[in-house]
Structure formats: C-alpha cells, structure tokens
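The primary structure of each chain is shown beneath.
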Amino acid sequence: YIDSRRFSFNARNMPRSTTISNGSFAARTYSTNGYRGPETISHVGFAQPLSKSGTVMSLSYTLAGLMDDHQVGGNSLTSGPSSIIGYHLDRALKTQVYSLALAKASADQTTSVGLAFNYLRQYVAIGEKGFTSTTVGDVTTISPLANVVNASDNGYGYGFTVGAQGSPASDPNMTWGLSY
C-alpha cells in the first residue's frame, strides 16, 4: 500500500555454465560447472498513486528467465566406431516480462485487488557443430556431424494477471495472496 511515487531497480549476476559431455554420443554423460556471468538489470519498476482513494498504476520490466550453456565434447565422446571431435552445443534462453498494472486498496489498507496487462518476449537459440573421425586401417576420414541443429527465434505473447492480497487485521505480520 503506497501513498507516494515509488521506483524499484535490481541488477544481478546472470550465471553461465559449461557442460562437458563424454561417452556414447547417443547416451552421453554430463559434467556441468556454473560460473559468474555479466551483471545486468533484472528488474525496473515504477508505481504512482493515482488518487488518495488507494488506486495505483505501475509499470515494470523483469528478466524472468535466463539460460546460457556452452557444451563441449570431452576426450572420449564416441558414435559407434567414430570419435566425435570439436563438438560444441550452445543453448541460450532469455524471458522478459513487461507489465502495466492497476490496483485498488481497501479503505483500511488490509486488502487490495489488481489487474495487469503483460507482454512477454522469449528468445531461444541453439547452435551445434562438430566432426566425426573414423579410422579404417591407415585411413582416417573426418566429416561434419550430420543432422546438426542451428536455430534461433523470438516468441511474443500477451496476457493478463488478476490478483488479490491482504493482511488479516488480527495478524498484520501475516500476508496472503492469490493471483491467476
């Protein structure tokens, strides 16, 4: 429950990971290590009371999901009689949510209801490359991997969120909430 203009801002580390795959290409074993990624803005919000009656409008941006994994083939990645060399699989995912909301608090400020319009944007990318190395007798043949995947795209969506929250007058340290 606010009675004056509010601004929120959050920046955080966006973790990354490197995965090493070994064993049979069709049934790989994985070892993954995470590490610090770049610091970036993960949330910006602004809320403005529209009247003394408890009506508030807000606008926000939130980075809701992120994945950045780089997979490489280890020294023992095989496919039948062939070795897989120079294998790389890069996967990225980023989900962003933009919201415009309107909320109304009760006169005693113990409950509120709200409605938000949400615009979602999701970026997905996958890129794969590598080679097979097959030796028969004294002859080694190196060929690009077959059926590799290289694709990226943006998905967009619109939706609404409706919700209510409150605090019982008998226990102001407790808060309940419901949204859909």
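Procedures and definitions
Residues numbered from 1 in each chain as written. Predicted model: local features only at pLDDT ≥ 70, side-chain atom pairs only at ≥ 80, totals over all residues. Heavy atoms only, no water. Pairing = 2+ DSSP bridges. Helix = DSSP H or I, 4+ residues; strand = E, 2+ residues; numbered from the N terminus. Buried < 20%, exposed > 50% of the residue type's maximum accessible area, 1.4 Å probe, protein only. Polar contact = N/O pair within 3.5 Å; in protein donor to acceptor, adjacent residues only side chain to side chain. Contact = heavy atoms within 4.5 Å. Phe/Tyr/Trp six-rings, centres within 6.5 Å; stacked < 30°, edge-to-face > 60°. Salt bridge = Lys/Arg side-chain N within 4 Å of Asp/Glu carboxyl O. Core = buried A, V, L, I, M, F, W, Y, C linked by side-chain atoms within 4.5 Å. Patch = residues over 30% accessible without salt bridge, like charges linked within 9 Å, V, L, I, M, F, W, Y side chains within 5 Å. Areas by Shrake-Rupley, 256 points an atom, 1.4 Å probe, with all protein chains shown as cover.

Chemist: When you look at the pairing of strand β5 (residues 55-79) in this model, what are you seeing that I'm missing?
Modeler: For a regular strand, side chains alternate in direction, first toward one face of the sheet and then toward the other. Examined bridge by bridge, strand β2 (residues 16-24) and β5 share seven bridges and lie parallel to one another. Bridge pairing in β5 links Thr19 to Gln71. Here strand β4 (residues 39-49) pairs with β5 via seven bridges, running antiparallel. Across the sheet, the residue bridging to Gly45 is Ser60, located in β5. Connecting β4 to the antiparallel partner β5 that follows it, the hairpin turn spans five residues, and Gly54 within it adopts a positive phi of roughly 95°.

Chemist: It is not clear to me how unusual backbone geometry should be interpreted in this structure. Could you clarify?
Modeler: For residues that are not glycine, phi is negative in most cases, and the peptide bond is trans in most cases. Notably, Gln109 is not glycine yet its phi reads approximately 55°, a positive angle. Considering the arrangement of structural elements, one finds Gln109 in the loop between β6 (82-105) and β7 (111-136).

Chemist: Mind showing me how you'd approach the side chain of Asn13 here?
Modeler: Note on placement: Asn13 falls in strand β1 (residues 6-13). The exposure class of Asn13 is buried, given its relative accessible area of 15%. A polar atom in the side chain of Asn13 sits 3.0 Å from the backbone oxygen of Gly37. Discounting chain neighbours no more than four positions away, the residues touching Asn13 are Arg36, Gly37, Pro38 and Glu39.

Chemist: What is the right way to look at the packing of aromatic side chains in this model?
Modeler: We describe a pair of aromatic rings using the distance from one ring centre to the other and the angle between the two ring planes. Enumeration according to the criterion identifies seven aromatic pairs in this entry. On the numbers, 5.3 Å between centres and 85° between planes, the contact of Phe25 with Tyr87 is edge-to-face. Taken as a pair, Phe25 in the loop between β2 and β3 (29-35) and Tyr87 in strand β6 lie far apart in primary sequence, 62 residues in all. The interplanar angle of 50° and the centroid separation of 5.1 Å between the aromatic rings of Tyr61 and Tyr98 together place this pair among those described as tilted. One end of the pair, Tyr61, is in strand β5; the other, Tyr98, is in strand β6, and 37 residues separate them in sequence.

Chemist: In this structure, what is going on with the pattern of salt bridges? I would like to understand it.
Modeler: When the charged atoms of two side chains with opposite charge come close together, those side chains can pair. Tallying each qualifying case throughout the model produces three salt bridges. Salt-bridge contacts for Glu39 lead to Arg36; the nearest nitrogen and oxygen are separated by 2.4 Å. According to the relative accessible area criterion, Arg36 is exposed, its value standing at 60%. A salt bridge links Arg91 to Asp69; its shortest N-O distance comes to 2.6 Å. One end of the pair, Arg91, is in strand β6; the other, Asp69, is in strand β5, and 22 residues separate them in sequence.

Chemist: Could you clarify how one ought to interpret the nonpolar core in this entry?
Modeler: One recurring pattern in soluble globular proteins is that nonpolar side chains are buried together. If you look at the biggest cluster of nonpolar residues, it comprises five residues: Leu77, Ile84, Tyr87, Leu89 and Leu145. If one sorts the elements of this core by residue count, β6 sits on top with three residues. When near neighbours in sequence (up to four residues on either side) are disregarded, Leu145 contacts Phe25, Ile84, Tyr87, Lys129, Gly130, Phe131 and Thr132.

Chemist: Quick question: what am I supposed to make of a nonpolar patch on the surface here?
Modeler: A contiguous nonpolar patch, built from Leu50, Met57, Leu59, Leu100, Leu102, Leu115, Phe117, Tyr158, Phe160, Val162 and Tyr180 and spanning about 1,200 Å² of accessible area, is present on the exposed surface. For the nonpolar patch, the elements supplying multiple residues, two or more each, are β5, β6, β7 and β9 (150-166). Tallying contributions element by element places β9 first for the nonpolar patch, with three residues.

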